[in-house]
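Here is how the chains run, residue by residue.
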Amino acid sequence: MKRALTRRAPVAGVLACAAVVATLISPAGAQASVLPAPELRTPEGTTVLPNLDDDARRCTLRPGDLDRLDVAVDERLAACNDAADEVVNGPADAKDLTPLKVAPIAVSGRADGRVFVPAAQSPYARVFVVRDGKFVSLGTDGRLSAGELRRGVQLAVEARDVVRDRKRWDGRIEVMLSVTQRGTTRTARADLHVAPVLLQHDLQRAQHVFAAAPGPGEGQPVEVPAATRPPGQWQEFAGSLRKAAEESGLPESSVRFQPGTAQWWKDIWRQDIAEPGYVTRTTPRGRQTLRILLRSPNYWTSADGRSASLRRAGRLLYRDLRGPDVGVVQQYTPTSGREKNVDELLNFTGNFESLPPYAGHPQGRVLYGSSADRRPDPAFVGMLKAQGQQPSVVLDTSWLLVGHVDETVHVVRANNARGWTLAVSDPRKAVALLEQARRAGEGGQRLFADTVAEAKPTVDELLRYERHAGDNEDAARHIDGQLAVLLRETGLKPQEIVRLPVLYYRVESGEGLPRRHIALSPALANGLSLTARDFAAPSPHGPRVAGRDLFRAETERALAGGGVRVHWVENFSWAHLGGGEVHCATNALREVP
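Reading the values: rules and limits
- Residues numbered from 1 in each chain as written.
- Predicted model: local features only at pLDDT ≥ 70, side-chain atom pairs only at ≥ 80, totals over all residues.
- Heavy atoms only, no water.
- Phe/Tyr/Trp six-rings, centres within 6.5 Å; stacked < 30°, edge-to-face > 60°.
- Buried < 20%, exposed > 50% of the residue type's maximum accessible area, 1.4 Å probe, protein only.
- Pairing = 2+ DSSP bridges.
- Helix = DSSP H or I, 4+ residues; strand = E, 2+ residues; numbered from the N terminus.
- Axes fitted to C-alpha atoms, helices over the stretch in contact; angles between N-to-C directions.
- Contact = heavy atoms within 4.5 Å.
- Core = buried A, V, L, I, M, F, W, Y, C linked by side-chain atoms within 4.5 Å.
- Salt bridge = Lys/Arg side-chain N within 4 Å of Asp/Glu carboxyl O.
- pLDDT = per-residue confidence, 0-100.

**Q** Can you help me understand the packing of aromatic side chains in this one?
**A** The geometry of two aromatic rings is summed up by the distance between their centres and the angle between their planes. Within the structure shown, the criterion is met by 10 aromatic pairs. With centroids separated by 6.5 Å and ring planes inclined at 85 degrees, the aromatic side chains of Phe 128 and Phe 135 adopt a geometry described as edge-to-face. On the accessibility criterion, Phe 135 (28% relative accessible area) is partly exposed. Between Tyr 299 and Tyr 332, the aromatic rings sit 5.4 Å apart at their centres with planes inclined by 20 degrees, giving stacked as the arrangement.

Laid out in structure tokens, this is it:
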């Protein structure tokens, strides 16, 4: 009696390096040689996309969805995508699938086959078979006929989710093929994996820029912290943003404005509703890429505990952006399950940015703000970590009233070996420029004189206040701490850092809480990169000498050293007085590799 054989199936040299294993299981011994080893081929590699877009645009909002304070609305919107059904929604959807092939095998008419994934992985993957030119879901049965096995079978695989928690699912998809004939079963396996979500970075050219527009009615949201002051001068903001995009070479259609509803339109912070990312795989036709918008984990519960909802402005992602090649993912912890130090402000996605690739980090790194006292939702942070490609750099932003990394740090182009550096807020430089204005005889000049600001202090008044309170020196020490982390983690040198003048002051942050900092003058690092060479910055309305805005001139000089042009956006009334700047009030979908 012959001993059962186990051997690796041959794979053609043109195929990707998949783990394809063939095994013999034979109770019949002598019949083992009758059944050849089956073979699963991976002609386009082993990466599988999470098929979360909506190629047929079948997912729509119901009337009232934008306003209902009900987390069930959010769950229903997130549940609709191309992977939610067992149908391939047209040729565009078929491109999002990873092909597999069952090589033709000489079997008898009584043989049959079965394709399946392990039970623990089945909620996260689906396998299709091509029959009569159409994709048909194999379901849990996965049966293949003897005729199909003899002819060879074309399969396709989709992932039904991204990796969120590696303890639940680590992204592996093990497609198994078993072939049985006359009591003998042989198997093959293809080891696939879901593509990780990669965050885009600011050196990638913007393709679509979106921002808010005024809506009707009161518009005061209840579910997120928001200033009660109405955002103003939208026409000035929108006009200067459009001009900046045009001067950067972006088409007019690239800038879009989204009004909110009468219940919450003052939630204008489009950067804070989602962090854009992407997934990609290589095909013979080039890269197949899907955008994945990571919705902010802002979760609200009513005082009586009867109502709960995610941030309603985030539903605009489903209405305006989800569609062909664009999906939305939401990952959050309900209020009842959160630890006390989870801060809703730090869940705004303006607190999540990314560093471009550099030595040792070919996909770059995630950058976010957190501390022992204030941190974002661990479930959201855990999902970013679970991608396994962009290790985090964590900065202490607890000293800031809002607490976002984009308030003080921005990636900009540089003429160095890596091609980029960091622009950071520099309160000491801002104070030095005030001193320069005073020495030039401009001590009585009022800052923000040409804005709607209620407080318009003179240069002398600001300098006296700083000598007394030391708010800017205190902010500078905190930024020194952030820079120490950034220099250590990135290998950048202090002389490579671009320092931009910003004035800070401390305000009350709540009963029993320490006073925290907020930008008094527009935070110049908190702008929007339109291309690697074009930066849309908030107009600073700084001190003037001989008719020249010193903050503006210093910013243009500092960024020009890296080949970056500054385009000024008027956001003082629309965003700055509400606690944000151009970056906070906009978002961008960028070119991806």
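Structure's up, so let's keep going.
**Q** I tried to follow the sheet that holds strand β25 (residues 420–426) on my own but got confused; where do I start?
**A** The strands making up a sheet associate through hydrogen bonds between their backbones, and the pairing can be parallel or antiparallel. Reading across from one edge, β24-β25-β26 is the order of the three strands in this open sheet, with mixed pairing throughout. Each edge of the sheet is formed by a strand with only one pairing partner; in this case those strands are β24 (409–413) and β26 (498–501). Recorded for the sheet is a direction-independent mean angle of 35 degrees between the axes of neighbouring strands. Direction of pairing for β25 relative to β26: parallel, over a ladder of four bridges. In the strand pairing of β26, Ala 423 is matched with Val 498. Contacts from helix α7 (residues 427–439) reach β25 and β26, with the element oriented near 55 degrees to β25.

**Q** Even after reading the chapter, I still don't get the pairing of strand β22 (residues 365–369), so can you show me in this structure?
**A** Regular strands place side chains that alternate from one sheet face to the opposite one. Of all five residues that make up β22, five are buried, and the element is covered over most of its length. Residues of β22 alternate between two faces, with Arg 365, Leu 367 and Gly 369 on one and Val 366 and Tyr 368 on the opposite face, all of them buried. As judged from the four bridges shared by strand β21 (residues 352–355) and β22, these two strands associate in the antiparallel manner. What sits directly across from Phe 352, in β22, is Tyr 368. Of the strand pairs in this sheet, β22 and strand β23 (residues 392–395) are connected by four bridges, and their pairing is parallel. For Gly 369, the partnering residue across the bridge sits in β23 and is Leu 395.

**Q** Would you mind showing me how to read the nonpolar core here?
**A** Generally speaking, nonpolar side chains in soluble globular proteins are found buried as a group. Membership of the largest hydrophobic core comes to 33 residues, with the highest contact counts inside it found for Leu 144, Leu 155, Ile 173 and Val 175. Setting aside residues no more than four positions away along its own chain, Ile 173 makes contact with Val 48, Val 117, Gln 121, Ala 125, Val 157, Ala 159, Ala 190, Asp 191, Leu 192 and His 193. Ranked by size, the runner-up nonpolar core spans 27 residues in total, among them Trp 234, Trp 265, Val 569 and Val 582.

**Q** Teacher, can you tell me more about the pattern of salt bridges here?
**A** Side chains that differ in sign of charge can pair as their charged atoms come close. This model, assessed by the stated rule, comprises 41 salt bridges. Arg 76 is the partner of Asp 65 in a salt bridge, and the nearest nitrogen-oxygen pair spans 2.8 Å. Note that Asp 65 is positioned in the loop between β4 (47–48) and α1 (71–79) and Arg 76 in helix α1, a separation of 11 residues in sequence. Given a relative accessible area of 1%, Asp 65 falls into the buried group.

**Q** Explain the sheet that holds β22 to me, please; I cannot follow it from the model alone.
**A** Pairing in this open sheet of three strands is mixed, and the strands run β21-β22-β23 from one edge to the other. Strands at the two margins of the open sheet, each flanked by one partner only, are β21 and β23. Neighbour to neighbour, the strand axes of the sheet diverge by 30 degrees on average, direction disregarded. On top of the sheet, helix α9 (residues 471–490) reaches β21, β22 and β23; it is set at about 165 degrees to β23, its chief contact.

**Q** Explain the confidence of the model for the chain here, please?
**A** For any part of a model where pLDDT is low, the fine detail of the predicted coordinates should not be relied upon. Here the chain shows a mean pLDDT of 94. Residues at 70 or above account for 94%. Long-range and interchain partners of residues 1–21, a stretch whose pLDDT sits below 50, account for 36 contacts in this model, where long-range means more than four residues apart. Note on residues 24–33: pLDDT is under 50 here. Beyond four places in sequence and across chains, it has 18 contacts.

**Q** Looking at this structure, I do not really get the environment of Pro 297. What am I missing?
**A** Looking at the secondary structure, you find Pro 297 in the loop between β17 (286–295) and β18 (299–301). As a C-alpha pair, Pro 297 and Pro 378 span 81 residues in sequence and 9.9 Å in three-dimensional space. What Pro 297 contacts, discounting residues up to four positions off in sequence, is Gln 331, Tyr 332, Arg 338, Glu 344, Asn 347, Asp 377 and Phe 380.

**Q** How do you make sense of unusual backbone geometry when you look at a structure like this?
**A** Outside of glycine, negative phi angles account for most residues, and trans bonds account for most peptide bonds. Phi angles above zero are rare outside glycine, and Asp 132 is one such case at about 55 degrees. Structurally, Asp 132 can be placed in the loop between β7 (125–131) and β8 (134–137). Classification of Asp 132 as exposed rests on a relative accessible area of 82%. You will see that Asp 325, though not glycine, has its phi angle at about 65 degrees, which is positive. Here Asp 325 lies in the loop between α5 (316–321) and β20 (326–330). Looking at Asp 325, the relative accessible area reads 31%, which means it is partly exposed.

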